[in-house]
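The chain contents come next:
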Amino acid sequence: MFEIDFSVLSYHPSFLTDESINVGILFHCKSTNKRFFKSTHNWTRLEKFDDELDINFAKIFLEGIEEEINEKEMVKLFETKKNFEIKNFIRFYVNEFKFSTIHTVEFHNFEEFIENTSKIYLRYDFDK
């Protein structure tokens, strides 16, 4: 069993309303220090949710998180691999894009958990 932390990234168009839409999920397997960020690719849905949102900015923003999280697995030779702290990463996202509280679960397969959880929180990215 692997202990896995995850946090859902949501877009909130206004501080005054409580509306939000899930746009990504950050995963961290504590025992292996593997991490992965999965973002939405359903841009039409995001655009319909907030027609004032700059979709190109949102794409670049989410791609930036993907690159930062997913490419950090490549550790240079002789470089010390530091443990990733999900709480330290998500604390800077406090405006329109916010991460949820961190959830911790135990699961037997990290990749399978990513797939299953993505189908729940990013369900409109998958076929019915």
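Quick look at the structure, then. (Residues numbered from 1 in each chain as written. Predicted model: local features only at pLDDT ≥ 70, side-chain atom pairs only at ≥ 80, totals over all residues. Heavy atoms only, no water.)

Regarding the overall build of the chain
So, point 1. Broken down by element type, the chain carries four helices and five strands.
So, point 2. Along the chain, helices (α) and strands (β) appear in the sequence β-β-β-α-α-α-β-β-α when read from the amino end.
So, point 3. Scaling as 2.2 N^0.38, a compact globule of 128 residues should have a C-alpha radius of gyration of about 14 Å, and the chain matches this with 15 Å.
So, point 4. Reported as C-alpha extents along the three principal axes, the dimensions of the chain are approximately 45 × 30 × 25 Å.
So, point 5. With 128 residues in all, the chain has 36% of them scored as buried.
So, point 6. Residue pairs at least 24 apart in sequence account for 66% of intrachain contacts in the chain once pairs closer than 6 positions are excluded.
So, point 7. For the chain, the accessible area works out to roughly 8,500 Å², and carbon and sulfur atoms hold 50% of it.
So, point 8. Charge-centre separation for the chain: the mean point of 17 positive side chains lies 4 Å from the mean point of 24 negative side chains. (Helix = DSSP H or I, 4+ residues; strand = E, 2+ residues; numbered from the N terminus. Rg over C-alpha atoms; globule rule 2.2 N^0.38 Å. Buried < 20%, exposed > 50% of the residue type's maximum accessible area, 1.4 Å probe, protein only. Contact = heavy atoms within 4.5 Å. Areas by Shrake-Rupley, 256 points an atom, 1.4 Å probe, with all protein chains shown as cover. Lys, Arg positive; Asp, Glu negative; His and termini not counted. Charge placed at Lys NZ, Arg CZ, Asp CG, Glu CD.)

Some remarks on the layout of surface pockets
Gaps left between atoms are located by rolling a probe of water-molecule size over the structure's atoms.
So, point 1. One number sums up the size of the second largest pocket: a volume of about 180 Å³.
So, point 2. Around the second largest pocket sit 15 residues that line it, and Ile21, Asn22, Arg45, Tyr121 and Tyr124 are the ones nearest its centre.
So, point 3. Put simply, the parts of the chain that give the lining of the second largest pocket at least two residues each are strand E2 (21-29), helix H1 (43-49) and helix H4 (110-121).
So, point 4. Within the lining of the second largest pocket, the residues separate by chemical class into eight nonpolar, four polar and three charged. (1 Å grid on protein atoms, 1.4 Å probe; cavity = no way out; pocket = protein on both sides within 12 Å on 5 of 7 lines; lining within 4 Å. Points joined across faces, edges and corners; volume = space filled by probe spheres on them. Nonpolar A, V, L, I, M, F, W, Y, C, P; charged D, E, K, R; others polar.)

Side note on the pattern of salt bridges
So, point 1. Tallied over the full model, the rule gives four salt bridges.
So, point 2. With a shortest N-O distance of 3.6 Å, Lys87 and Glu85 are connected by a salt bridge.
So, point 3. The class for Glu85 is partly exposed, based on a relative accessible area of 38%.
So, point 4. In this structure, Lys119 and Glu115 form a salt bridge, with 3.7 Å as the shortest nitrogen-oxygen distance. In this pair, Lys119 and Glu115 both sit in helix H4, four residues apart, roughly one turn of the helix.
So, point 5. Judged by relative accessible area, which is 35%, Glu115 ranks as partly exposed.
So, point 6. Among the ionic contacts, a cluster of salt bridges with common partners joins Glu3, Asp5 and Lys30. (Salt bridge = Lys/Arg side-chain N within 4 Å of Asp/Glu carboxyl O.)

So, H4
So, point 1. The first and last C-alpha atoms of H4 sit 16 Å apart over twelve residues, in line with the 16 Å expected at 1.5 Å per residue.
So, point 2. Along H4, the positions that sit buried rather than exposed are Phe110, Phe113, Ile114, Thr117 and Ser118. Taken down its axis, H4 places every buried residue within 130° of arc, on the same side.
So, point 3. For H4, the elements touching its buried residues are strand E1 (2-11), E2, strand E3 (34-39) and strand E5 (103-107).
So, point 4. Between the side-chain oxygen at the start of H4 and the backbone nitrogen of Glu111 there is a gap of 3.0 Å, and the oxygen is on Asn109. (Expected span 1.5 Å × (residues − 1). Arc of directions from axis to C-beta. Polar contact = N/O pair within 3.5 Å; in protein donor to acceptor, adjacent residues only side chain to side chain.)

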